[in-house]
Number of protein chains: 2
Amino acid sequence: MEKWRRSERMVLITKMLLENPHQLFTLGYFAELFQSAKSSISEDLSIIKNAFLETGQGNMETVSGAAGGVRYLPYNSPAVEKEFLDDLARRLSDPRRILPGGYLYMTDIIYNPAIVAKIGTIFAHRFVGKEPDHIVTVETKGIPLALMTAKAFNISLVIIRDDSRVTEGSAVSINYFSGSSKKIGTMSLARRALEPDARVIIIDDFMKAGGTAKGMIDLMKEFKAEVLGMGVLVDTKEPEDKLVENYLGLLELKELDEKNEKVTIHSKNLTEDV
Amino acid sequence: MEKWRRSERMVLITKMLLENPHQLFTLGYFAELFQSAKSSISEDLSIIKNAFLETGQGNMETVSGAAGGVRYLPYNSPAVEKEFLDDLARRLSDPRRILPGGYLYMTDIIYNPAIVAKIGTIFAHRFVGKEPDHIVTVETKGIPLALMTAKAFNISLVIIRDDSRVTEGSAVSINYFSGSSKKIGTMSLARRALEPDARVIIIDDFMKAGGTAKGMIDLMKEFKAEVLGMGVLVDTKEPEDKLVENYLGLLELKELDEKNEKVTIHSKNLTEDV
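Residues numbered from 1 in each chain as written. Chains lettered and ligands numbered in written order. Predicted model: local features only at pLDDT ≥ 70, side-chain atom pairs only at ≥ 80, totals over all residues.

### Things to note about the overall build of chain A
Point 1. In terms of regular secondary structure, chain A is built from eight helices and 12 strands.
Point 2. The dimensions of chain A, computed from C-alpha atoms along their principal axes, are 65 × 45 × 30 Å.
Point 3. In chain A, which comprises 274 residues, the proportion classed as buried is 42%.
Point 4. For chain A, the share of sequence-separated contacts (at least 6 apart) that also reach a separation of at least 24 residues comes to 62%. (Helix = DSSP H or I, 4+ residues; strand = E, 2+ residues; numbered from the N terminus. Buried ≥ 20, exposed ≤ 12 C-beta atoms within 10 Å, placed from the backbone. Contact = placed C-beta atoms within 7 Å.)

Dropping the structure here:
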């Protein structure tokens, strides 16, 4: 391969880092790929690190030692995060989103890849110290959020089916009580979908009473998986006493008044402990 | 904002382009953002374009005129694509993937964000001239692939429910015959999920007889949506006579012999017409 100029290396290294978050790249790897001295590559990486740092979009973590290198951790500064979540809250607080039965129409938001990619980055940053093996969700609406969180961690997604239609060999099923829909549901996961002692983070789009979330936690126990954390995009103020504790909600639905056509959602203070 | 060095601009412009594929950025926008002359920005963009071109990973399209600018189109060179799909075919041709009933275990592959991101790029490149408004899929297994295709196009995803559990106001349901499972199913989509005359591309993970695919096409007709194309990750050699025509399959399942524990999948020649 020919020699590359620094400006070209900047483009290509940035692309590799962004497309492979959390993956450790050694100086030697880049030095060989670009036929450059390790000292030049080291300087390249400093420039990338500073550019991310100064604009508050992404962290570069340096791992020292013989097996050392750098890895890119998706991140947005608190100011960027707050502006994004406030905007999302504003867009969701639109009375035209109220659906019969007191539901809120959110699919245009939670199926928008650019938006869910940003939410995935927020979750991945909040849970960065946990080092999960998988992101777990239950079908259907939470899947895009969960996939983008998994992408930001560069780990695989596990999707629990919300019935027993699993066609992947033996499966474990549990019943759960959904407080929102006031009914008993069944959720199932194929045995081979999760190895024993897996470390997981659960991601979903919405939490009211927490019945579905509790179902997922119970199912994880059946797999001897360790639930390191749970994140939801929107939770409701009422009931305050949820069936699960210690979860991270990004937005809070304070009020959904179908009769008076009013919906109030605000972003939460993310400095609180997860 | 202070002046940025070229090497820093390279990092930040590359990040913006990669995170916003298909979005048009004007020279003036970057010039103002970085407080740089348009001629410097123009040179920056040429360097990025060449770096992508020389390594066969991504296209930069230049749009001329007063409202002109550049946009990034995800792309991999045919060689990179072929190597990736061959590797995928090899990994899927593992007899341990055979499930009771003649199914193939693929979820570890199709729920892996890094893999589905690459597949999304392949679909987006193949359908780049079509300019869709939305990517459409049916729950559940095709969702990650469809979301990543939508991400590569920077457009939103529409997920058809495969029953009538839609809680989003009035919905349109149709029955379809699934040749693989030999049963009649119902798929539904909320009225407000798709505007009239929408231009869509359908993405799914697997096609056997094409009954589910035909169901999606029929449902799109109910919404007066125009189906511009259809892409599936794996289709089966048998039956050769599918219920739908003109779709793009990336991998072909030639044989799945449960008794003799043999499965054969190969990548298809992507030069064929879509």
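This is not the end of the story, as more comes after the structure.
### Some remarks on the relation of the copies chain B and chain A
Point 1. Relative to chain A, chain B is turned by 180° and slid 0.0 Å along the rotation axis, the superposed coordinates differing by an RMSD of 0.0 Å. As the rotation angle and translation indicate, the two copies are arranged about a two-fold axis. The C-alpha atom lying nearest the rotation axis in chain B is that of Ser7(B); the distance is 2.7 Å.
Point 2. With an isologous cut-off of 70% or more, the 100% of interface residues of chain B that recur at the interface of chain A puts this contact in the isologous class. (Least-squares fit on C-alpha atoms with pLDDT ≥ 70 in both.)

### Digging into the sheet that holds strand β9 (residues 199-207) of chain B
All names here are of chain B.
Point 1. Strands sit in the order β6-β5-β9-β10-β11-β12 across an open sheet of six strands; the sheet is mixed. Of all the strands in the sheet, the pair left with one neighbour each is β6 (156-160) and β12 (262-267). Mean inter-strand twist for the sheet, computed between neighbouring axes without regard to direction, equals 25°.
Point 2. Where strand β10 (residues 226-236) meets strand β11 (residues 248-257), five bridges bridge the pair, whose relative direction is parallel. Note on β11: the bridge partner recorded for Val-232 is Gly-249.
Point 3. In the packing of helix α7 (residues 143-153) onto the sheet, contacts are made with β5 (134-138), β6, β9 and β10, and the angle to β5 comes to roughly 180°. (Pairing = 2+ DSSP bridges. Axes fitted to C-alpha atoms, helices over the stretch in contact; angles between N-to-C directions.)

### Side note on the packing of helix α2 (residues 27-34) of chain A against helix α3 (residues 38-55) of chain A
When two helices pack together, their arrangement is given by the angle between the helix axes and by the axis-to-axis distance.
Residues and elements named next belong to chain A.
Point 1. In the contact formed by α2 and α3, the axes pass within 9 Å of each other and the chain directions differ by 110°. Considered as vectors, α2 and α3 are oriented roughly perpendicular to each other. In terms of crossing hand, the pair formed by α2 and α3 is right-handed. Contact residues: Leu-27, Gly-28, Phe-30 and Ala-31 in α2; Lys-38, Ile-41 and Ser-42 in α3. (Parallel < 35°, antiparallel > 145°, perpendicular 65-115°, else oblique. Left-handed = near helix turned anticlockwise from the far one by under 90°.)

### A word on the interface of chain B and chain A
Point 1. Listed per partner, the contact involves 44 residues of chain B and 44 residues of chain A.
Point 2. Only α1 (6-19), α3 (38-55), α5 (107-110), α6 (113-126), α7 and β6 of chain B provide two or more residues apiece to the side of chain B that touches chain A.
Point 3. With nine residues, α1(B) is the largest single contributor of residues to the side of chain B that touches chain A.
Point 4. Partitioned by chemical class, the residues of the side of chain B that touches chain A number 23 nonpolar, 12 polar and nine charged. (Nonpolar A, V, L, I, M, F, W, Y, C, P; charged D, E, K, R; others polar.)

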